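Take a look at the letters that make up each chain.
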Amino acid sequence: MPSVTVEIPERLAALMKGLPIEKMTYEAIVLDLYRRATISSGKAAELLGLSHVEFIKSSGKLGIPFIQMSPRRSAPEADGLMERVRARRESIFRRRGLLDSAAILRDVREHGE
């Protein structure tokens, strides 16, 4: 396996005294590759010796989202999800005989209030 030497400034190394620097560096690189979508969550889990679920949980605790979407991709998906939620809510109102409530929801959606 190729090896790379990384210089760490003394003030940073002082903060890491007693910590497993090589392990931390390896984990940070794997997490960053995953965050940048260079590797999959499955590959990251494999490289870190974790199960897929363990990786998802641990990366989530570090603030790295499991589902990553660009704003261009997420906006239409969010709109589609909201429309499905609205339709489902309206369907529930209809089944429960609350047609007036469904009409009110539709009116609010169309007119804003």
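To keep things clear, this report deals only with the structure shown in the data block.

The rules behind each value
- Every chain is numbered on its own, with residues counted from 1 as its sequence reads.
- The predicted origin of the model limits local features to residues at a pLDDT of at least 70 and limits the giving and counting of side-chain atom pairs to 80 or more, whereas totals for whole chains, interfaces and linings rest on all residues.
- Heavy atoms from the whole structure form the basis of all side-chain values; hydrogens and water molecules are not counted.
- Secondary structure elements are defined from DSSP: runs of H or I of at least 4 residues count as helices, runs of E of at least 2 residues count as strands, and each element is numbered from the N terminus.
- Relative accessibility thresholds used throughout: buried, under 20% of the residue-type maximum; exposed, over 50%; partly exposed, between the two (1.4 Å probe, protein chains only).
- We call two residues in contact whenever any of their non-hydrogen atoms come within 4.5 Å of each other.
- For our purposes a nonpolar core is just a set of buried Ala, Val, Leu, Ile, Met, Phe, Trp, Tyr and Cys residues, chained together by side-chain atoms within 4.5 Å.
- One speaks of a salt bridge when a side-chain nitrogen belonging to Lys or Arg is within 4 Å of a carboxyl oxygen belonging to Asp or Glu.
- Only rings of Phe, Tyr and Trp enter the pairing, Trp through its six-membered ring, and a pair is recorded when the two centres are within 6.5 Å. The plane angle decides the type: under 30 degrees is stacked, over 60 is edge-to-face, the rest tilted.
- Working definition: the arc comes from the directions between the helix axis and the C-beta atoms, pointing outward to the latter.

**Overview of the overall build of the protein chain**
Phase 1: Helix and strand counts for the protein chain stand at six helices and zero strands.
Phase 2: Secondary structure of the protein chain in N-to-C order comes out as α-α-α-α-α-α.
Phase 3: The burial tally for the protein chain puts 12% of its 113 residues in the buried class.
Phase 4: Taking all contacts inside the protein chain whose residues are at least 6 apart in sequence as the whole, residues at least 24 apart take part in 26%.

**Overview of the nonpolar core**
Phase 1: Residues Val30, Leu31, Tyr34, Ile39, Ala44, Ala45, Phe55 and Ile64 constitute the largest nonpolar core, which totals eight residues.
Phase 2: Listing elements by their share of this core, those giving two or more residues are α2 (21–35) and α3 (41–48).
Phase 3: Ranked by residues supplied to this core, first place goes to α2 with three residues.

**Side note on the environment of proline 65**
Phase 1: For proline 65, the location among the structural elements is in the loop between α4 (52–61) and α5 (71–95).
Phase 2: Separated by 31 residues in sequence, proline 65 and tyrosine 34 place their C-alpha atoms 10.0 Å apart.

**Let's talk about the pattern of salt bridges**
Phase 1: Within the structure shown, the criterion is met by four salt bridges.
Phase 2: Salt-bridge contacts for lysine 23 lead to glutamate 27; the nearest nitrogen and oxygen are separated by 3.0 Å. Of the two residues, lysine 23 and glutamate 27 both sit in helix α2, four residues apart, roughly one turn of that helix.
Phase 3: Of the residues examined, lysine 23 reaches a relative accessible area of 52% and is grouped as exposed.
Phase 4: Across the pair arginine 36 and aspartate 32 runs a salt bridge whose closest N-O atoms are separated by 2.6 Å.
Phase 5: Overall, the relative accessible area of 55% leaves arginine 36 in the exposed class.
Phase 6: Residue aspartate 32 is classed as partly exposed on the basis of its relative accessible area, which comes to 25%.
Phase 7: One salt-bridge network, held together by shared partners, links Asp32, Arg35 and Arg36.

**Re the packing of aromatic side chains**
Phase 1: Scanning the model with the defined rule gives one aromatic pair in all.
Phase 2: Taking 5.0 Å as the distance between ring centres and 85° as the angle between the ring planes, the aromatic pair formed by tyrosine 34 and phenylalanine 55 counts as edge-to-face. Taken together, the residues tyrosine 34 in helix α2 and phenylalanine 55 in helix α4 connect sequence positions 21 residues apart. Phenylalanine 55 carries the same exposure label as tyrosine 34, and that label is buried.

**Remarks on α3**
Phase 1: For α3, the complete set of buried residues consists of Ser41, Ala44 and Ala45. On an axial view of α3, the arc spanned by its buried residues comes to 100°, and they lie on one face.
Phase 2: Packing partners of the buried residues in α3 comprise α2 and α4.
Phase 3: Phi for glycine 49, located one or two positions after α3, is positive at around 70°.

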